[in-house]
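Architecture at a glance
As a plain string of letters, each chain reads:
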Protein chains: 2
Amino acid sequence: MSTVRSQSDRQSNCQSGPRVAEDPRERILLAAGQEFAEHGYEAATVRDICLEAGVNVAAVNYYFGDKRRLYIESVKHAHEARARQVPLPAWPPSTPAAERLHDFVANMLERMLGFGQPPWQVRLMMREVLQPTDACRELVEDYIRPHFAVLVAILDELAEGAIADPELRRIGLSIIGQCFLYRAAGDVVAMLVPSEELAALHSPPQLAAHVTRFALAALGLGPPLPLKERRR
Amino acid sequence: MSTVRSQSDRQSNCQSGPRVAEDPRERILLAAGQEFAEHGYEAATVRDICLEAGVNVAAVNYYFGDKRRLYIESVKHAHEARARQVPLPAWPPSTPAAERLHDFVANMLERMLGFGQPPWQVRLMMREVLQPTDACRELVEDYIRPHFAVLVAILDELAEGAIADPELRRIGLSIIGQCFLYRAAGDVVAMLVPSEELAALHSPPQLAAHVTRFALAALGLGPPLPLKERRR
DNA sequence: AGTTGATTGAAACAGCCGTTTGAAACGCGT
DNA sequence: ACGCGTTTCAAACGGCTGTTTCAATCAACT
């Protein structure tokens, strides 16, 4: 016979909806994002996802068709939420380009490494970057390319037109790469750098200052990195 | 039950080196490295590995115990082979530090992106870097840390003692990050940069020149990057 | 109330996974 | 020839996977 427990659950969900009262679809997407981010596509199981979402295993097929389409939807969902949560800084027109560069780098690092947001969204997107699947193109076009274009525009302003676009893109990738390393290979970085040094010099704000100074110095727009006097 | 080291090791190191006729143990390690590199630990199956190695499925348990130990052994095997194949450049003592930096970067890029060697070894090591497992620590200590130390020594020579070690490490990571991006996120880079530009400006030699110039300029040891005359 | 269509539930499906088994095949000193 | 330890083989083992089934349940409308 039918259990009575599920019926009481449904009644509590109907009126108040205080606990986890979202769409089942939404709950599945949330749980799927976390599971896929943590374990990857292959290792994550729809059973674990449904267990965490509090729905039946059949629900994922009912709402999304199969695992692959659920994955793609969860990537979309994560990067849309991320774009909404951490938008690009909106600078007043008078902001110096150097300051924009620093803000951009700090924003990127905070988005990648910061603890302001739950980390699974970035981890999920990082998996797509490292090993692209069908969901990658959309992620690049909607999220990464616009950010990259802003960075290139800032660099163009800094160079005052003296650098052609291809070279600007190369410099932009150099800047992104410096931040990317800490996100993708953070564990190895932590093994290469003493822990107290890691906390003192490799925190997001410190890194933002370093990367910005590095780039400005390379462009001849700031003092070179050996700040102390030379002892030749 | 314990794993078995092949009893016929004595003749295996002969000069001949026929193509597929090595130790079963060696064949399994080779096939496992390729499969793990391509699909990752979870998605790779021991059946596919044994099929490619031309051995029975029971062989992997006979020689290695289980899948996890086979994985760890294959990572060790890959990074030992890699260290043997592509050693660090041995510079004559008179070599200028700037030239050493360029050689180091070019060597790293060639190792990461070059087509001189089968790509699966680097891909396998990259997986360990991105998501460390038990095999990671050894990989860092034997392979990555020595390379990193060489880079830091070059930078120290360039800075002529004007930069403290922690800052040198940070600069070193900045240089590595620029190369790392192309290896780990190469697909996304290819989507952000027009294809003809990618071939012309983002090949390993071009990148080595760019990264070196970028770093030297940041250190005040070379011309800043806007090389063309300004047009504003 | 009765009907309809959307949603949920427990159970089962076929298939692949890593691993184990027990016996056959091998190499080799005697 | 024999015996013996090492290596290979086909087959099977639970167990877990994604997916499907179909009846039960729900909300809404007539």
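1. So, the overall build of chain A
Looking only at helices and strands, one finds 12 helices and 0 strands in chain A. Going through the 232 residues of chain A one by one, you find that 46% of them count as buried. The contacts of chain A with a sequence gap of at least 6 include a subset with a gap of at least 24, amounting to 68%. As presented, chain A carries roughly 11700 Å² of accessible surface, and 53% of it is formed by carbon and sulfur atoms.

2. Looking at the nonpolar core
The biggest cluster of nonpolar side chains holds 103 residues, and the ones touching the most others in it are L101(A) and L101(B). Residues contacting L101(A), with those up to four places away along its chain left out, are L151(A), I154(A), L155(A), L158(A), I175(A), T212(A), A215(A) and L216(A). Grouped together as the second largest cluster of nonpolar side chains are 24 residues, L29(B), A31(B), F36(B) and C50(B) included.

3. A look at the interface of chain B and chain A
With 63 residues of chain B at the interface, the matching set in chain A holds 63 residues. Buried surface at the junction of chain B and chain A, summed over both partners, amounts to about 5800 Å²; 63% is from carbon and sulfur atoms. Interface area lost by chain B to chain A is led by R170(B), M191(B) and L192(B), which between them contribute 13%. Applying the counting rule to chain B against chain A returns 4 salt bridges. At the junction of chain B and chain A, the tally comes to 13 residue pairs in polar contact (both at pLDDT 80 or more). Put simply, the parts of the chain that give the side of chain B that touches chain A at least two residues each are α2 (24–43), α7 (120–130), α8 (136–159), α9 (165–184), α10 (186–192), α11 (195–201) and α12 (204–218) of chain B. At 14 residues, the largest contribution of residues to the side of chain B that touches chain A is made by α9(B). Counted by class, the side of chain B that touches chain A contains 36 nonpolar, 9 polar and 18 charged residues.

4. Thoughts on the relation of the copies chain B and chain A
Here chain B sits on chain A after a turn of 180 degrees about the axis and a move of 0.0 Å along it, with an RMSD of 0.1 Å. Between the two chains, the operation in question is that of a two-fold axis. Considering only C-alpha atoms, the residue of chain B closest to the rotation axis is A218(B), which sits at 1.9 Å. When the interface residues of chain B are mapped onto chain A, 98% of them again fall at the interface, so both copies present the same face.

5. Concerning the protein's contact with DNA strand C
Residues in contact with DNA strand C amount to 17 residues; listed here are only the nearest, Y62(A), Y63(A), T45(B), R47(B) and K67(B). Among all atoms of DNA strand C positioned within 4 Å of the protein, those belonging to sugar or phosphate total 56%. Take Y63(A): an N or O atom from its side chain is 2.6 Å from a phosphate oxygen of DNA strand C. Within the contact set of DNA strand C, a phosphate oxygen lies 2.8 Å away from a backbone nitrogen or oxygen of K67(B). Going through the elements one at a time, α4 (57–64) of chain A together with α3 (46–53) and α4 (57–64) of chain B are the ones with two or more residues in the surface near DNA strand C. Here the surface near DNA strand C takes 4 residues from α4(A), the largest share from any one element. When its residues are assigned to classes, the surface near DNA strand C shows 8 nonpolar, 3 polar and 6 charged.

6. Some details on the confidence of the model for chain A
Residue and element names in this part refer to chain A. Per-residue pLDDT for chain A averages 88, and the proportion of residues at 70 or more is 88%. This stretch, residues 1–19, has a pLDDT under 50; its non-local contacts, to residues over four places away or in other chains, come to 3 contacts. Complex prediction metrics read pTM 0.90 and ipTM 0.90.

7. Considering helix α3 (residues 46–53) of chain A
All names here are of chain A. Looking at α3, one finds that the buried residues are I49, C50 and A53. End-on, the buried residues of α3 take up no more than an arc of 95 degrees, which puts them together on one face. Facing away from the buried side of α3 by over 90 degrees, the exposed positions are R47 and L51. Those residues of α3 that are buried are in contact with α2 (24–43), α4 and α5 (67–85). A positive phi of about 70 degrees marks G54, the residue just after α3.

8. Description of the domain arrangement of chain A
All names here are of chain A. Under the domain assignment used here, chain A contains domain 1 (7–65) and domain 2 (86–229). Here the C-alpha centre of domain 2 lies 34 Å away from the C-alpha centre of domain 1. At the interface, 8 residues of domain 1 touch 4 residues of domain 2. Of the roughly 490 Å² buried between domain 1 and domain 2, counting both surfaces, carbon and sulfur atoms make up 67%.

9. Considering the side chain of H147(B)
Here H147(B) shows up in helix α8. Look at H147(B) and you get buried, because its relative accessible area is 11%.

10. Considering the environment of A217(B)
In this fold, A217(B) is placed in helix α12. Since its relative accessible area comes to 5%, A217(B) is described here as buried. In this view, A217(B) contacts A217(A), A218(A), G222(B), P223(B) and P224(B); residues no more than four positions away in its chain are not counted.

11. Side note on the packing of aromatic side chains
Within the structure shown, the criterion is met by 10 aromatic pairs over all chains. With a centroid separation of 5.0 Å and 85 degrees between ring planes, the pair formed by F36(A) and Y71(A) is classed as edge-to-face. Of this pair, F36(A) sits in helix α2 while Y71(A) sits in helix α5, placing them 35 residues apart in sequence. In terms of burial, F36(A) and Y71(A) fall into one category: buried. Aromatic pair F180(A) and F180(B): ring centres 5.8 Å apart, planes at 40 degrees, arrangement tilted. Residue F180(A) is found in helix α9 (residues 165–184), and its partner F180(B) is found in helix α9; the two belong to separate chains. Summarising the burial analysis for this pair, F180(A) and F180(B) share the class buried. An aromatic cluster is built from F36(A), Y41(A) and Y71(A), whose rings are joined through pairwise contacts. Residue placement shows K67(A) over the ring face of Y41(A); its charged tip is 4.6 Å from the ring centre.

Each value, and the rule that gives it
- Residues numbered from 1 in each chain as written.
- Chains lettered and ligands numbered in written order.
- Predicted model: local features only at pLDDT ≥ 70, side-chain atom pairs only at ≥ 80, totals over all residues.
- Heavy atoms only, no water.
- Helix = DSSP H or I, 4+ residues; strand = E, 2+ residues; numbered from the N terminus.
- Buried < 20%, exposed > 50% of the residue type's maximum accessible area, 1.4 Å probe, protein only.
- Contact = heavy atoms within 4.5 Å.
- Areas by Shrake-Rupley, 256 points an atom, 1.4 Å probe, with all protein chains shown as cover.
- Core = buried A, V, L, I, M, F, W, Y, C linked by side-chain atoms within 4.5 Å.
- Buried area = accessible area lost by both parts, 1.4 Å probe.
- Salt bridge = Lys/Arg side-chain N within 4 Å of Asp/Glu carboxyl O.
- Polar contact = N/O pair within 3.5 Å; in protein donor to acceptor, adjacent residues only side chain to side chain.
- Nonpolar A, V, L, I, M, F, W, Y, C, P; charged D, E, K, R; others polar.
- Least-squares fit on C-alpha atoms with pLDDT ≥ 70 in both.
- Near = heavy atom within 4 Å.
- pLDDT = per-residue confidence, 0-100.
- Arc of directions from axis to C-beta.
- Domains from an automatic or database assignment.
- Phe/Tyr/Trp six-rings, centres within 6.5 Å; stacked < 30°, edge-to-face > 60°.
- Lys NZ or Arg CZ within 6 Å of the ring centre and 35° of its normal.

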